[in-house]
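Report on the structure
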Amino acid sequence: MYDRNDFKWIVLGGSILALHSGYINTIGIRSVFGYTVTHVTGLITKVADSVVEQQWVILWNSFIILAGFALGAFFTGILCGSNKFKLQPRYGVIIMLESITLYFFVISCSALQYPQDKARYAFILLAMAVGMQNAMFSSFSGAVVRTSHLTGLINDTFMLIGQYVRYKCIVRKKSAETWKLLVFFPLLSGFMFGCLIGDYAWRKMGYKAILLPATSTGIAGLTFFIWITMKEKEQKANVDTTKDKLSPPPQQIEIQSGNPKKYVDLEEFPDTETETENEFETEDELELKGYR
């Protein structure tokens, strides 16, 4: 199981990102192209069907979304690196990049004169933003957390409920990992709530409704980046201070050289003993030779 503090951030951050995914997916569906930017499984099915039916336009449209989602996950993999969850500034960078991508989506829709057919290429940026955030939270410490699609979440949720019923009422030998429901339920709720907000925002603003998650993710990413950077600097300073306190003071010797007494570190005379021995050896040699 996770550290209590990490677990809190997993639930909170995952729920917020799931809300954004639901919002963005609703905007894609409500557009004239009807893109489901988070439904990769359905897109793969549509690709296969369009190949059989030789519907090349549908194939190309599906490929646009798949390519965007894959690119987003690819860039996150480069930036994020490890799958082990740890609060670090790079997460803030990824969220800020997602914000920039969403802003470029709005600019592209305007430049390509949405709802004209050529504006469909702007939706690759929408899928890319979802792929970036889903990859960031996809896996860490052996658990899978999804923020952009619900098939796996619903499967895992009701599987755990079934295991709980089995172990509680039938077998009564061991318990299910019901703590995972504390992650799954907020993610499901966040995605659904994001869909509701996205549908309402589309009715009022059209494709410009994406400006809302673009702004909120930008602010959240920047705030997180600044906060975690300052926290890391503070922790590093505390570690350095602790090391200084634990380090033993250098040994000192007293040197009689008048008044007041002077003290010097032994570290300044690392070879004192060796030099003294060499001096005596030299005097003995002189005596043997008859010089003394």
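Along each chain, residues carry numbers from 1 onward, in the same order as the chain's sequence is written. Where totals are concerned, whole chains, interfaces and linings use all residues; where local detail is concerned, this predicted model gives features only for residues with pLDDT of at least 70, and gives and counts side-chain atom pairs only at 80 or more. Each side-chain value is worked out from all heavy atoms of the structure, with water and hydrogens disregarded.

1. Re the environment of glycine 152
Here a strand is any run of E in DSSP of at least two residues, a helix any run of H or I of at least four, and the numbering for each starts at the N terminus. Among the secondary structure elements, glycine 152 is positioned in helix α6 (residues 151-170). Burial classes follow relative accessibility: with a 1.4 Å probe on protein chains only, a residue under 20% of its type's maximum area counts as buried, one over 50% as exposed, and anything between as partly exposed. Looking at glycine 152, the relative accessible area reads 12%, which means it is buried. The spatial distance from the C-alpha of glycine 152 to the C-alpha of phenylalanine 184 is 10.0 Å, given a sequence separation of 32 residues.

2. Concerning the packing of α6 against helix α7 (residues 181-205)
Running from N to C, α6 and α7 cross one another at 140 degrees; their axes reach a closest spacing of 10 Å. Judged by the angle between their axes, α6 and α7 are oblique. Considering only the axes of α6 and α7, their crossing is left-handed. Every residue of α7 that contacts α6 at Leu153, Ile154, Asp156, Thr157, Leu160 and Ile161 is listed here: Leu181, Phe184, Phe185, Leu187 and Leu188. Residues are grouped as follows: Ala, Val, Leu, Ile, Met, Phe, Trp, Tyr, Cys and Pro are nonpolar; Asp, Glu, Lys and Arg are charged; every other residue, Gly included, is polar. Considering only residue class, the contact of α6 with α7 consists of 9 nonpolar, 1 polar and 1 charged. Fitted lines through C-alpha atoms serve as axes, helices being fitted only where they are in contact, and the angles separating the N-to-C directions of these axes extend from 0 to 180 degrees. Between 65 and 115 degrees an angle is taken as roughly perpendicular, under 35 as roughly parallel, over 145 as roughly antiparallel, and anywhere else as oblique. For a crossing to be left-handed, the near helix must be turned anticlockwise from the far one by less than a right angle; the clockwise case is right-handed. Note on definitions: a residue-residue contact is assigned when non-hydrogen atoms from the two residues lie within 4.5 Å.

3. Details of the pattern of salt bridges
Should a side-chain nitrogen of Lys or Arg be within 4 Å of a carboxyl oxygen of Asp or Glu, the pair is scored as a salt bridge. On inspection of all chains with the given rule, the structure shows 3 salt bridges. Between aspartate 199 and arginine 30 there is a salt bridge, with its nearest N and O atoms 3.4 Å apart. Of this pair, aspartate 199 sits in helix α7 while arginine 30 sits in helix α1 (residues 4-30), and the two are 169 residues apart along the sequence. Residue arginine 30 is classed as partly exposed on the basis of its relative accessible area of 35%. Through salt bridges that share partners, Arg30, Asp199 and Arg203 make up one connected network.

4. Quick notes on the environment of alanine 127
Along the chain, alanine 127 falls in helix α5 (residues 123-136). Note: C-alpha distance between alanine 127 and glycine 72 (55 residues apart in sequence) is 7.6 Å. In contact with alanine 127, other than residues within four places in its own chain, are Val37, Ile65, Gly68 and Phe69.

5. Topic: the packing of aromatic side chains
A ring pair, where both rings are aromatic, is described by two values, the distance of the centres and the angle of the planes. Whether two aromatic rings pair depends on their centres lying within 6.5 Å, for rings of Phe, Tyr and Trp, where Trp uses its six-membered ring; planes under 30 degrees apart make the pair stacked, over 60 edge-to-face, and the rest tilted. Tallying each qualifying case throughout the model produces 11 aromatic pairs. Aromatic pair tyrosine 114 and tryptophan 202: ring centres 6.5 Å apart, planes at 90 degrees, arrangement edge-to-face. Here tyrosine 114, found in the loop between α4 (89-111) and α5, pairs with tryptophan 202, found in helix α7; they are 88 residues apart in sequence, far enough to count as distant. For the pair shown, tyrosine 114 and tryptophan 202 are each scored as buried. Counting every residue linked through ring pairs, the aromatic cluster contains Phe33, Tyr35, Phe105, Tyr114, Phe123, Trp202 and Tyr207.

6. Quick notes on the nonpolar core
Formed by 30 residues in total, the largest nonpolar core has its most connected members in Val37, Ile65, Phe105, Tyr114, Phe123, Leu126 and Ile210. Secondary structure elements with two or more residues in this core: α1, α3 (56-80), α4, α5 and α7. If one sorts the elements of this core by residue count, α5 sits on top with 6 residues. Sequence-distant contacts of isoleucine 65, defined by excluding residues within four places in its chain, comprise Tyr35, Thr36, Val37, Leu43, Phe123 and Ala127. Only buried residues count toward a nonpolar core, which is a set of Ala, Val, Leu, Ile, Met, Phe, Trp, Tyr and Cys residues joined through side-chain atoms within 4.5 Å.

7. Section: unusual backbone geometry
For the bond running from tyrosine 114 to proline 115, omega is 15 degrees, close enough to zero to count as cis. We note that glutamine 54 has phi near 55 degrees; this positive angle belongs to a residue other than glycine. As for its position among the elements, glutamine 54 is in the loop between α2 (40-53) and α3. With phi around 60 degrees, glutamine 113 is a residue other than glycine that occupies positive phi space. For glutamine 113, the location among the structural elements is in the loop between α4 and α5.

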